[in-house]
Amino acid sequence: MFRGRWDRMRGRGLRGHPQWAAACRARRTRVSNGLKELLWNLDGLGKGNLLDLGPAWQTTLSFFIERGFRVSSEDILRGWKGFLAEEEARLREDASAIESLDMTPGGRAVRFLNESLQYPKSSFDAVLLWDLLDYLEPTLAKQTVASLTELLRPAGVVFAMFHSKKPEGFQRYRVADSNTLQRISTPVICPAQKVYQNREIQDLFGRYRTMKSFVSRDQLRETLFIK
Amino acid sequence: MWKKEDAKPQGAVDNVATPAPAPASKASAATPASIPLSSSALPVSSRTPACISQGIRIKGEVTGSEDLFVDGLVDGKLNLTNGSLTIGPNGTVKADVYAREVIVRGKVEGKVTGREKVQLWSTGQVLGEVQTDRLAIEEGALLKGKVEAGKQPAKPSETKAAVAVATTKTSDTAALSSGTAAG
């Protein structure tokens, strides 16, 4: 039915028409079995604490708040980009700082994480990690997962996504309903750094007892990790 | 004939009727064009919201019950019991903020409490906790911290009073409204 309406609009040359734009937006949704599974895992939790590491979307926050969650939001990718820009500016101003600062990926990751993800241990029931590990430097990705593991309570859940091949565009995700995500194309914040293989993902989340993956046609693997 | 007065130019009548102005008034009369300009630039109405404009820096506590627009820097505490607080695109607030409604178009570092509503515009940045009844976030806004939206449970003393007054009323735990902003 939807395809028919789409084709009719295309045939009539309705490009640019508000209905066309609405249809385009609607097309950028994807069914998410991972989200469905996450909600199933959180069902009956009552007032839980959730950490959203993507951008603060009205729909995502509303979705979880309406279900009784206390949501904490921290856009890690934007934070990382800002951190890199700040460090670059600092080094431009004070060239001698390069000698005092550890500029290895590990050193930068430690400095970044000293400013980010500052929450009490075991304070979250769920973490929305989205696909951000693909965009972080591998060292930082590893340390981020380690930090998240500390923040998650036992039996807590992480919802992550991994690209099966290097993504062409840059997209962010938000919750549309209990089993649908919306993909929002945005300007690139950080270029993709790595395509993780299954073995590497298992190693990253080695401290988690359960891992459940859903592979979809759009080369995106949705994975749930239960601590 | 009795309409002669009406036929006269208005300015001429005024000149005749008014006494000779003082020297200071003479100067202002010499530049009549500047009068309307300056009067339009100044907020003359008492209902115009108070403004901490760009370039002004306040360190300390700001309290009141009227609307306030902040486009400068406030470092301390901001408490508008019944007013609306707008943090403009150039505004930076390093403070815990409490108001009936908070609109963030600039930067806030601290706890933001909007009794009725908090709006985060696309240029808005909040680094801290947000607590409100209704939250609206526009695409592009930055939020780093905890969000608690929806009607908060009443304080124990308030609950007791409410129970005593109206036992039939149930507490409303309304969910967060979708708001007007995109996202």
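Residues numbered from 1 in each chain as written. Chains lettered and ligands numbered in written order. Predicted model: local features only at pLDDT ≥ 70, side-chain atom pairs only at ≥ 80, totals over all residues.

Draft legend 1. Spatial organisation of the overall build of chain B. On a plain count of helices and strands, chain B comes out with five helices and eleven strands. A burial count over chain B gives 27% of its 183 residues as buried. If you take every contact in chain B between residues at least 6 apart in sequence, the share linking residues at least 24 apart comes to 10%. (Helix = DSSP H or I, 4+ residues; strand = E, 2+ residues; numbered from the N terminus. Buried ≥ 20, exposed ≤ 12 C-beta atoms within 10 Å, placed from the backbone. Contact = placed C-beta atoms within 7 Å.)

Draft legend 2. Structural detail: the overall build of chain A. Secondary structure summary: chain A contains nine helices and nine strands in total. Taken over 227 residues, chain A has a buried fraction of 32%. Partitioning the intrachain contacts of chain A with sequence separation of at least 6 by distance along the chain shows that 71% fall at a separation of at least 24.

Draft legend 3. How the structure looks around the packing of helix H7 (residues 105–115) of chain A against helix H8 (residues 138–151) of chain A. Residue and element names in this part refer to chain A. At a minimum axis separation of 9 Å, H7 and H8 run at an interaxial angle of 35°. With respect to the hand of their crossing, H7 and H8 are arranged in right-handed fashion. For the pair H7 and H8, contact is made by Pro105, Gly106, Ala109, Phe112 and Leu113 and by Thr139, Leu140, Gln143, Thr144 and Ser147, respectively. Residues belonging to the contact of H7 with H8 are distributed by class as follows: five nonpolar, five polar and no charged. (Axes fitted to C-alpha atoms, helices over the stretch in contact; angles between N-to-C directions. Left-handed = near helix turned anticlockwise from the far one by under 90°. Nonpolar A, V, L, I, M, F, W, Y, C, P; charged D, E, K, R; others polar.)

Draft legend 4. Molecular detail of the interface of chain A and chain B. Taken together, the contact pairs 15 residues of chain A with 19 residues of chain B. Only helix H4 (58–66) and strand S3 (70–73) of chain A provide two or more residues apiece to the side of chain A that touches chain B. No other element matches the six residues that H4 of chain A contributes to the side of chain A that touches chain B. Taken together, the residues that form the side of chain A that touches chain B break down as five nonpolar, five polar and five charged. As defined by bridge partners, S3 of chain A adjoins strand S11 (residues 142–149) of chain B across three bridges and the pair is classed as antiparallel. Its bridge partner lying in S11 of chain B, Ser73 of chain A is registered against Gly145 of chain B. (Pairing = 2+ DSSP bridges.)

Draft legend 5. Looking closely at the sheet that holds strand S1 (residues 29–31) of chain A. Residues and elements named next belong to chain A. Ordered by their spatial adjacency, three strands build an open sheet running S1-S7-S6, and the pairing between neighbours is antiparallel. The outermost strands of the open sheet, each flanked by one partner alone, are S1 and strand S6 (171–177). In this sheet, neighbouring strand axes are inclined to one another by 35° on average, regardless of whether the strands run parallel or antiparallel. Relative to strand S7 (residues 180–185), S6 runs antiparallel, the two sharing six bridges. Looking at the pairing, Arg174 lines up with Gln182 of S7.

Draft legend 6. Representation of unusual backbone geometry. Residue and element names in this part refer to chain A. For Leu117, which is not glycine, the phi torsion reads 50° and is therefore positive. Within the secondary structure, Leu117 sits in the loop between H7 and strand S4 (124–130). Residue classification places Leu117 among the buried residues on the basis of 20 C-beta atoms within 10 Å.

Draft legend 7. How the structure looks around the pairing of strand S10 (residues 130–137) of chain B. Residues and elements named next belong to chain B. Counting buried positions along S10 yields six of eight residues, so the element is predominantly enclosed. Looking at chain direction, strand S8 (residues 112–120) and S10 are connected through seven bridges and run parallel. Paired with Val112 across the strands is Val130, a residue of S10. Of the strand pairs in this sheet, S10 and S11 are connected by three bridges, and their pairing is parallel. Residue Val130 lies in a different strand from S11, and its bridge partner there is Val147.

Draft legend 8. Representation of the environment of Ser72 of chain A in the model. If you trace the backbone, Ser72 of chain A turns up in strand S3. Looking at Ser72 of chain A, the number of C-beta atoms within 10 Å reads 23, which means it is buried. Considered as a pair, Ser72 of chain A and Asn49 of chain A are 23 residues apart in the sequence and their alpha carbons are 7.6 Å apart. In contact with Ser72 of chain A, other than residues within four places in its own chain, are Leu51 and Tyr119 of chain A together with Gly145 and Lys146 of chain B.

Draft legend 9. A look at the environment of Val62 of chain B. All names here are of chain B. Along the chain, Val62 falls in strand S2 (residues 57–64). Of the residues examined, Val62 has 19 C-beta atoms within 10 Å and is grouped as partly exposed. In this structure the C-alpha to C-alpha distance between Val62 and Asn79, which are 17 residues apart in sequence, comes to 6.2 Å. Excluding anything up to four places from it in sequence, Val62 contacts Val74 and Leu78.

Draft legend 10. Region of the structure containing the confidence of the model for chain B. All names here are of chain B. The pLDDT averaged across chain B works out to 69; a share of 56% of its residues lies at or above 70. Within chain B, the lowest mean pLDDT, 37, falls on helix H2 (residues 10–17), and the highest, 96, falls on strand S7 (residues 107–109). Low pLDDT, under 50, characterises residues 1–41; the predicted model gives this stretch five contacts beyond four residues in sequence or across chains. Within the model, the stretch residues 153–183 combines pLDDT values under 50 with 40 contacts to residues more than four positions away or in other chains. Both confidence scores are given for the complex: pTM 0.72, ipTM 0.72. (pLDDT = per-residue confidence, 0-100.)

Draft legend 11. Spotlight on H4 of chain A. When H4 of chain A is considered as a whole, its buried residues turn out to be Gln58, Thr60, Leu61, Ser62, Phe63 and Phe64 of chain A. The inward-facing, buried residues of H4 of chain A contact strand S2 (49–52), S3 and S6 of chain A together with S10 and S11 of chain B. Following H4 of chain A by one or two positions, Gly68 of chain A adopts a phi angle in the positive range, close to 90°.

Draft legend 12. Seen up close, the environment of Gln202 of chain A. All names here are of chain A. Among the secondary structure elements, Gln202 is positioned in helix H9 (residues 198–204). Note on Gln202: 14 C-beta atoms within 10 Å, which makes it partly exposed. The spatial distance from the C-alpha of Gln202 to the C-alpha of Arg183 is 26 Å, given a sequence separation of 19 residues.

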